Amino acid sequence: MVRVRIAPSPTGIPHIGNTRTALFNYLFAKHNQGKFILRIEDTDQKRIVPGAKEAIVEILTWLGLFPDEQYTQSERLSLYKEHAELLIKKAIAYKKDGAVWVRVNTGAAIAWDDAIGNKKIQFNSNDIEDFVVLKSDGFPTYHLASVVDDHLTEISHVIRGQEWISSTPKHLFLYESFGWKPPIFAHLPVILGPDKAKLSKRHGAKSVLDYRDEGYLKEALLNFMVILGWSPGGDKEIMSMDEMAQLFDLKNVNTANPIFDIGKLQWLNGVYIRQLGIDELSEKIKNKNEKLKRINEKIFKKLVELAQSRMKTLNEFDELVAPIVEEPKVVLSQNEKELARKLNVGFSSIVHWESNAIFTTIKKVMQEAQVRMPVMYRIMTGKESGLPLPQVLEIIGKEKVLERLQKLL
RNA sequence: GGCCCCAUCGUCUAGAGGCCCAGGACAGCGGGUUUUCAGCCCGUUAACAUCGGUUCGAAUCCGAUUGGGGUCACCA
C-alpha cells in the first residue's frame, strides 16, 4: 500500500517549490491508488507564523490536492518523548543541556537507494555529527518527529526536496536504532530562480496564493509545476490532473535542478484561459473583481469574448476593458485633433450604431489622412492597441463616443 | 572549505550505444491572416560543459576536470 505525506511547517506560506513537492506526492499516491497525507510540522514554536497553517490548507484545497489523512505534530508530543526516552534507554541517545542528543555510530557507511535517478547515495557515518532529537522545551526536532511519524503512520515513500539529502543518514540511523524498516526515499531536485540561485522572493518564491490572486488558473499552475522537472516522455506537456496522475512516475523525474520560468507559466495560463467557455471565464473574472458585476450581463460577455485571446492572466481583463469602463485621459496633437474632428463628423451621421458602420467610418478617415489603426486607437482610447476598436465603440455607445470626441477638440 | 547531488538549445525537456550532423514546447526572430494588439498558421536562430577512456560505433557507459546546486542549528 502506497502511503505518502507532505510535511510543511507553518512558518510561511507555501511557494511553488513546496507546492510542487505536494503535487508530486499527490500524483504518486493517486497513480498507485495510495493515500496522500498532510502532516503539519509545528515543532518550532518560535517560528510559527499565524495563518500559515490555514494558508497551507487553502492552497491544497484550491488546487484540489485533498489529503486523505491529517496529523499535527504538536498534538503528538508524548509520542516523541517516549521514543526519545527509548533511545536513551538503548544508550543511543544522551542528555546534555536539557536536550536529548543522538550519537551516530562511527565506522559504518550509511547508504540508501534513492528513487530519483535510481542511484545509491552513501555517507560515511564519521561525517555525521551528533544531533538533537528532543529540544530542551520538550518539543522534538524534525529528525525525530518525522521518523517517528513516518513509521507510525506507515509511510511507504518519502518524497521530499533535495535539501534533505544530507540529513537522511540521521533518519536512517534512527530507523535502524528503533529496529524499523525505513521507507523508500525520493529526493526531488530543487527549483532554482532565473539567476540559477535558490528560488527567492523576487521570482517564483511568491506564495501560491499570490499567483491565484494575480489571475492564474489552478489548471495552469498545476500543469506548470508538473512539467518542471518531470516529463511523461515524448512531446506531451499539456495535461489535466487526471492525465498527470495516470502518467506520473518517480522514474522519469529529472535529476537536475530546473529553473523557474515565469514565461512558460504565462503561456500555459493563456492556453487554459482560451480553453474556457465564455460563461465559465466570465464567472471567474467577475469573482476576481466586484466592480465588474455592475456591467450589463450581455455586454460583459461580449467583452469577455473580445478579451479572451488577449489575456495571459485573469487580472489583465481590467486593463483591457479600462477604456470602456472609464474615460481615458488623452491629449491630442494638432494633426490628431483634425482626425478627431473627422471622426466626429463621420460618427454623427451613423444612423444604426454598430461595429461595421463604425469601422467603415474609421477606415474612411484613415484612408483620407493616410494613417493606420494605432493612431485611431490613441485618439479613442489613449492607447495604441487594445480590444477591437469598432466593437469597443459600439459597446460604449454613440452618445458617449461623440461626447468623448467633443471634449478632445 | 568538508560532505552530498547535478550537467542536452536562453528556459522546460525528448533521448535509456547505432533510429540523432539531436526531436518538441516556451521565449526570440521572419512571414501569412487581419481592424491595432492578441490569437491562429507557416518558417527560422539556437544545445549534447571540457578532456580522457570503453566500444566497430557514444548525448547515452566509466574516470578526471570545470561549472552549478544542496547541506553543515536545541529551523524545518
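Here, every reference points to the structure presented above.
Residues numbered from 1 in each chain as written. Chains lettered and ligands numbered in written order. Predicted model: local features only at pLDDT ≥ 70, side-chain atom pairs only at ≥ 80, totals over all residues. Heavy atoms only, no water.

A. Geometry of the protein's contact with RNA strand B. By nearness alone, 62 residues border RNA strand B, and Arg47, Lys135, Gly229, Glu237 and Arg310 come closest of all. Restricting attention to atoms of RNA strand B within 4 Å of the protein, one finds that 73% of them are sugar or phosphate atoms. Within the contact set of RNA strand B, a base nitrogen lies 3.0 Å away from a side-chain nitrogen or oxygen of Lys264. Among the elements of the structure, β5 (99-102), β7 (119-124), α9 (262-275), α15 (373-381) and α16 (389-396) are those that each provide at least two residues to the surface near RNA strand B. Across the surface near RNA strand B, the residue classes tally to 24 nonpolar, 19 polar and 19 charged. (Near = heavy atom within 4 Å. Polar contact = N/O pair within 3.5 Å; in protein donor to acceptor, adjacent residues only side chain to side chain. Helix = DSSP H or I, 4+ residues; strand = E, 2+ residues; numbered from the N terminus. Nonpolar A, V, L, I, M, F, W, Y, C, P; charged D, E, K, R; others polar.)

B. Region of the structure containing the environment of Asn126. Locating Asn126 in the fold gives a position in the loop between β7 and β8 (131-134). Classification of Asn126 as partly exposed rests on a relative accessible area of 47%. When the C-alpha atoms of Asn126 and Leu65 are compared, they prove to be 41 Å apart, with 61 residues separating the residues in sequence. Here Asn126 is in contact with Thr106 and Gly107, once residues within four sequence places are set aside. (Buried < 20%, exposed > 50% of the residue type's maximum accessible area, 1.4 Å probe, protein only. Contact = heavy atoms within 4.5 Å.)

C. Quick look at the side chain of Asn25. Relative to the assigned elements, Asn25 resides in helix α1 (residues 16-31). In this structure the side chain of Asn25 is engaged in a polar contact, spanning 2.9 Å, whose partner is the backbone oxygen of Ile159.

D. Highlighting helix α13 (residues 334-348). Here α13 is 15 residues long and its end C-alpha atoms lie 21 Å apart, about the 21 Å a rise of 1.5 Å per residue gives. When α13 is considered as a whole, its buried residues turn out to be Glu336, Leu339, Ala340, Leu343, Asn344, Gly346 and Phe347. Looking at the packing, one finds that the buried side of α13 touches α14 (355-369), α15, α16 and α17 (398-408). (Expected span 1.5 Å × (residues − 1).)

E. Main features of the sheet that holds β5. Reading across from one edge, β4-β5-β8 is the order of the three strands in this open sheet, with antiparallel pairing throughout. Taken across any chain shown, the strands that pair with only one partner, and hence form the sheet edges, are β4 (93-96) and β8. Sheet twist, expressed as the average angle between the axes of neighbouring strands with direction ignored, equals 45°. Alignment of β4 against β5, held across four bridges, turns out to be antiparallel. Within β5, the position partnered with Tyr94 by the bridge is Trp101. (Pairing = 2+ DSSP bridges. Axes fitted to C-alpha atoms, helices over the stretch in contact; angles between N-to-C directions.)

F. Molecular detail of the nonpolar core. Within the largest apolar cluster, 93 residues are counted, with the highest numbers of intra-cluster contacts made by Phe317, Phe347, Ile379 and Leu393. Counting residues per element, this core draws most heavily on α1, which supplies eight residues. Residues in contact with Ile379, not counting those within four places in the same chain, are Val330, Leu332, Glu336, Leu339, Ala340, Leu343, Leu405 and Leu408. (Core = buried A, V, L, I, M, F, W, Y, C linked by side-chain atoms within 4.5 Å.)

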